[in-house]
Amino acid sequence: MDLKLKALTKSIWVFHAATSPCNNCDIEILDLLTPRHDVERLGIVLVGSVRQADALLVTGVPNYKTKERLKKLYAQAPKPCLVAAIGGCACGRIIFQESYNSPCAVDEIIPVDVYIPGCPPKPEAMIAGIAKLIKKVRGEK
Ligand code: SF4
């Protein structure tokens, strides 16, 4: 494993990109940071700028406004930038597929590396999803 990949997967810094969710997925992401789950012990740190992020945690169904912003956020992130779609909305738009203001799914805007379904997914599922993401990037089974 090269040094860049080792550094990337040892401590993933994540940026939360909310593309018009109902906020439940966002609250579950915040729960990851509480002492109960304490993901910082695993090297997962929530950062305030996408320019410092290794991965995007995307929640919600993109609408016409957030679609363009998500594109820009991904473009501004240093590469390689990993993407986790969190919640049923980000994974496949669930009940919003036919909505007038839902032009496309997250994976039609930016490449998604891991899907973490649920409405909302539990923090434990998010930790498992991020672990899966790290394994995928490292090429482990
Ligand atoms: S998946 Fe469920 S909880 Fe998450 S943003 Fe969509 S409706 Fe809300």
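Note: the structure precedes this text.
This is a predicted model, so every value here is computed, not measured.

Another aspect to go through is the overall build of the protein chain. Within the protein chain, the secondary structure is distributed over 5 helices and 5 strands. Of the regular secondary structure in the protein chain, the N- to C-terminal order runs α-β-α-β-β-α-β-α-β-α. Here the protein chain has a C-alpha radius of gyration of 14 Å; the compact-globule value for 141 residues is 14 Å, and the two agree. For the protein chain, the spread of C-alpha atoms along the principal axes amounts to about 45 × 30 × 30 Å. If you take every contact in the protein chain between residues at least 6 apart in sequence, the share linking residues at least 24 apart comes to 83%. As displayed, the protein chain offers around 7,800 Å² of accessible surface, 56% of which is attributable to carbon and sulfur atoms.

Turning our eyes to something else, we now look at the site of the ligand. Around the ligand, the neighbouring residues are Pro21, Cys22, Asn24, Cys25, Gly87, Gly88, Cys89, Gly118, Cys119 and Pro120. Taken together, the elements giving at least two residues each to the shell around the ligand come down to helix 2 (24-33) and helix 4 (87-92). In terms of residue count, the dominant contributor to the shell around the ligand is helix 4 (3 residues).

Now for the sheet that holds strand 5 (residues 114-116). One open sheet accounts for 5 strands, arranged 2-1-3-4-5; its pairing is parallel. The open sheet terminates on both sides in strands that have one partner only, identified here as strand 2 (45-46) and strand 5. As paired elements, strand 4 (residues 82-86) and strand 5 share 3 bridges and run parallel to each other. What sits directly across from Ala84, in strand 5, is Val114. The strands touched by helix 3 (residues 64-76) are strand 1 (13-18), strand 3 (55-59) and strand 4; relative to strand 1, the strand with the most contacts, the crossing angle is about 165°.

Here we take up the nonpolar core. Ranked by size, the top nonpolar core spans 20 residues in total, and within it Leu56, Val58, Leu70, Val83, Val106 and Ile110 carry the most contacts. At the level of elements, strand 1, strand 3, helix 3, strand 4 and helix 4 are the ones that each hand at least two residues to this core. Once residues lying within four places of it in the same chain are set aside, the contact partners of Val106 are Val58, Gly60, Pro62, Leu70, Ala90 and Val112. Judged by nonpolar contacts, the second largest core, of 18 residues, contains Leu32, Val39, Ala55 and Leu133.

As for its placement among the helices and strands, Thr9 is situated in helix 1 (residues 3-10). Taking relative accessible area as the criterion, Thr9 reaches 3% and is therefore assigned buried. At 3.0 Å, the side chain of Thr9 forms a polar contact with the side chain of Arg138.

What follows concerns the environment of Gly92. Along the chain, the position of Gly92 falls in helix 4. Sequence separation between Gly92 and Gly118 is 26 residues, and the spatial gap between their C-alpha atoms is 11 Å.

The peptide bond linking Lys79 to Pro80 adopts the cis configuration, its omega dihedral lying at 5°. Looking at the secondary structure, you find Pro80 in the loop between helix 3 and strand 4. Looking along the chain, the bond that leaves Cys119 and enters Pro120 is cis, with omega of -5°. For Asp38, which is not glycine, the phi torsion reads 45° and is therefore positive. On the secondary structure map, Asp38 appears in the loop between helix 2 and strand 2. In this structure Asp38 comes out as partly exposed when scored by relative accessible area, which is 30%. Despite not being glycine, Arg93 shows a phi value in the positive range, around 70°. Along the polypeptide, Arg93 turns up in the loop between helix 4 and strand 5.

How each quantity is defined
- Residues numbered from 1 in each chain as written.
- Predicted model: local features only at pLDDT ≥ 70, side-chain atom pairs only at ≥ 80, totals over all residues.
- Heavy atoms only, no water.
- Helix = DSSP H or I, 4+ residues; strand = E, 2+ residues; numbered from the N terminus.
- Rg over C-alpha atoms; globule rule 2.2 N^0.38 Å.
- Contact = heavy atoms within 4.5 Å.
- Areas by Shrake-Rupley, 256 points an atom, 1.4 Å probe, with all protein chains shown as cover.
- Near = heavy atom within 4 Å.
- Pairing = 2+ DSSP bridges.
- Axes fitted to C-alpha atoms, helices over the stretch in contact; angles between N-to-C directions.
- Core = buried A, V, L, I, M, F, W, Y, C linked by side-chain atoms within 4.5 Å.
- Buried < 20%, exposed > 50% of the residue type's maximum accessible area, 1.4 Å probe, protein only.
- Polar contact = N/O pair within 3.5 Å; in protein donor to acceptor, adjacent residues only side chain to side chain.

As far as function goes, none of this settles anything; it's purely spatial.
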